[in-house]
Amino acid sequence: MKKNIIVIGGGILGIFCALYFKKKNKNVTLIEQNNKIGGLFNSIESKNRIFYDHGCHFARETGVKKIDRLLFNFIDEREWRILGNLKYRGFYKSKLSKSFGALDARLLKKKDYLRSIKEFLRIKKLKNNYKNLSTQLVNTFGNTITEKIFKPIIEDKITGIKLDKLPKNFHKWAGMGRLIMFSENLTNELKKRDVFDQRIAYHNTEHGQSKLRNFYPKNKGMGYWINLLEKKLIKLNVNIIKGHKIRKIVDKNNKINHVVLENGKKIECSKLIWTVHPGLLPIKKKITTKENKDMKKIYLYLFHFAFNKKLIPDAHFIQCYDPKFKTYRVTLYPNIRNKKDKYYNLTSELIFSKKKNISKLKKIAIKELIKIGIIKKNYKLKDSILQELGKGIPVPSIENLKNINKLNTKYRKRFKNMVLLNLDPLISTGQNLINTFNFLNKND
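Below or above, wherever it landed, is the structure these notes cover. (Residues numbered from 1 in each chain as written. Predicted model: local features only at pLDDT ≥ 70, side-chain atom pairs only at ≥ 80, totals over all residues. Heavy atoms only, no water.)

### Quick look at helix 12 (residues 362-372)
- All of the buried residues along helix 12 are Ala365, Glu368, Leu369 and Ile372. Within helix 12, the buried residues cover an arc of 105 degrees as seen down the axis, which keeps them to one side. Along helix 12, the residues that are exposed and aim more than 90 degrees away from the buried face are Lys363, Lys367 and Lys371.
- Residues of helix 12 that are buried sit in contact with strand 7 (88-92), strand 8 (95-96), strand 17 (297-307), strand 18 (317-320), strand 19 (327-332) and strand 20 (344-352).
- Among the residues trailing helix 12, Gly373 stands out with phi positive, at a value near 100 degrees. (Buried < 20%, exposed > 50% of the residue type's maximum accessible area, 1.4 Å probe, protein only. Helix = DSSP H or I, 4+ residues; strand = E, 2+ residues; numbered from the N terminus. Arc of directions from axis to C-beta. Contact = heavy atoms within 4.5 Å.)

Next up, the structure:
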């Protein structure tokens with residue numbers, strides 16, 4: 001008799017897990033509480049038939065053949081734009097970079113920049129056992145860069161949380177793992193040494209080319225990838241249940257026997273794969289943590305716009321580091337598709353540490369697009385959708401991560417046939433897929 005595997009969570013990780021276990025010839029049920037699977041890889045289509053993405057804009061290979069075969073083996077080059085390194089530009093100190101998107105430390109005031117260089121060059125060795133982000137940044141880049149660059153951006157613009165309350169590597173999650181410093185020629189020489197390579201960025205995308213490919217549909221949004229994956233799941237006879245939460249988990253002798261949906265339907269279970277937050281487990285005797293009661297969040301608001309004229313920069317997306325701006329990132333779809341359209345569409349993401357009324361932010365979004373240099377004042381808005389991304393994104397603070405690990409440990413001990421995937425919010429989707437694949441291979 002085949003084992004009945006239940007996968008909870010229909011994001012890309014849940015989809016991968018469903019495909020992984022189905023390949024092993026097991027009965028698989030994928031349960032997603034929303035009406036669509038795919039999570040942040042979904043798209044939205046406007047009344048003018050223009051596509052915009054929710055959050056994730058590219059499907060990127062992992063470099064692990066067994067993963068990539070499951071997720072990308074149906075990619076047809078006639079329908080997809082296949083890209084190497086993505087072209088992005090950075091906006092900081094009211095200046096848009098000309099070639100590359102890393103944060104440019106040279107835009108500091110001259111005295112601050114010269115002081116930062118001295119501090120930077122004094123650091124001869126990097127460690128990996130920093131207690132928090134503040135300690136890591138000071139010992140990686142120096143006091144001046146920490147105070148003048150990272151603190152205003154991470155504390156004030158993104159999180160509203162002090163640097164010493166955030167875990168190491170948070171700056172990498174926020175797209176600031178390396179900074180542009182020195183001249184281009186000197187940078188190219190310094191990056192030959194690991195201690196510099198880990199901290200400074202190349203000045204353009206010609207260097208450091210990755211062999212991994214990025215995929216984007218030529219005529220639709222990233223949701224098209226999810227549609228194809230869903231068709232694959234259906235063809236493989238994976239049972240997909242959408243629009244339902246789990247009401248109850250029934251266990252016996254420390255093993256989950258079955259789950260009960262909101263509509264009362266029972267589903268037998270030999271193994272439960274949990275791919276979402278452990279605090280969402282529907283268990284009567286919950287493990288209470290402070291993180292469950294008071295979890296700090298950031299709020300992301302998406303402004304999907306289409307204009308009558310060509311967008312000015314040639315980048316695929318623009319990262320806005322400027323702490324005076326609420327814009328976090330802007331995706332320029334015509335540059336990704338590399339084709340002429342009737343209208344020129346983009347998605348501008350505005351980030352806040354407190355919840356806002358989205359309707360009052362539209363003027364700010366357009367005003368900042370003009371200041372960044374993406375559109376001009378005389379551009380006419382032809383299409384727009386305003387979207388609040390969920391109910392806030394939990395900030396991966398030290399306290400939150402500690403409590404998530406506590407929940408994971410307790411539930412793993414409690415249920416012998418539950419797999420709680422230990423997702424790391426500070427690493428990429430691709431690396432989380434690799435970690436999940438390695439874990440399943442080792443423990444299945």
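From this point, the narrative continues.
### Let's talk about the nonpolar core
- Ranked by size, the top nonpolar core spans 94 residues in total, and within it Leu71, Met181, Trp225 and Leu233 carry the most contacts.
- Sort the elements by how many residues they give to this core and helix 1 (residues 12-23) lands first, with 9 residues.
- Setting aside anything within four residues of it in sequence, one finds Leu233 in contact with Ile15, Ala18, Leu19, Leu30, Ile37, Val238 and Ile240.
- Ranked by size, the runner-up nonpolar core spans 25 residues in total, among them Phe91, Tyr344, Phe352 and Ala365. (Core = buried A, V, L, I, M, F, W, Y, C linked by side-chain atoms within 4.5 Å.)

### A few points about helix 2 (residues 65-72)
- Looking at helix 2, one finds that the buried residues are Ile67, Asp68, Leu70, Leu71 and Phe72. Projected down its long axis, helix 2 carries its buried residues within an arc of 160 degrees, all on one side.
- Turning to helix 2, the residues buried within the fold contact helix 1, strand 5 (59-60), strand 11 (214-217), helix 9 (223-235) and helix 14 (429-443).

### Overview of the pattern of salt bridges
- The full count for this structure, using the stated rule, is 13 salt bridges.
- The partner of Lys151 in a salt bridge is Glu147, and the shortest N-O contact between them spans 3.7 Å. Placement of both Lys151 and Glu147 in helix 5 (residues 143-159) is noted, with a separation of 4 residues, approximately one turn of the helix.
- Overall, the relative accessible area of 28% leaves Lys151 in the partly exposed class.
- The shortest N-O distance in the salt bridge between Glu230 and Lys242 comes to 2.7 Å. Taken together, the residues Glu230 in helix 9 and Lys242 in strand 12 (residues 239-242) connect sequence positions 12 residues apart. (Salt bridge = Lys/Arg side-chain N within 4 Å of Asp/Glu carboxyl O.)

### Some words on the environment of Val330
- Relative to the assigned elements, Val330 resides in strand 19.
- On the basis of relative accessible area, Val330 is assigned to the buried category, the value being 1%.
- For the pair Val330 and Ile374, spaced 44 residues apart in sequence, the C-alpha to C-alpha distance is 9.0 Å.
- Those residues within four positions of Val330 in sequence are excluded, and the remaining contacts are His316, Phe317, Ile318, Leu346, Thr347, Ser348, Leu369 and Ile374.

That's the geometry; what it means functionally is another story.
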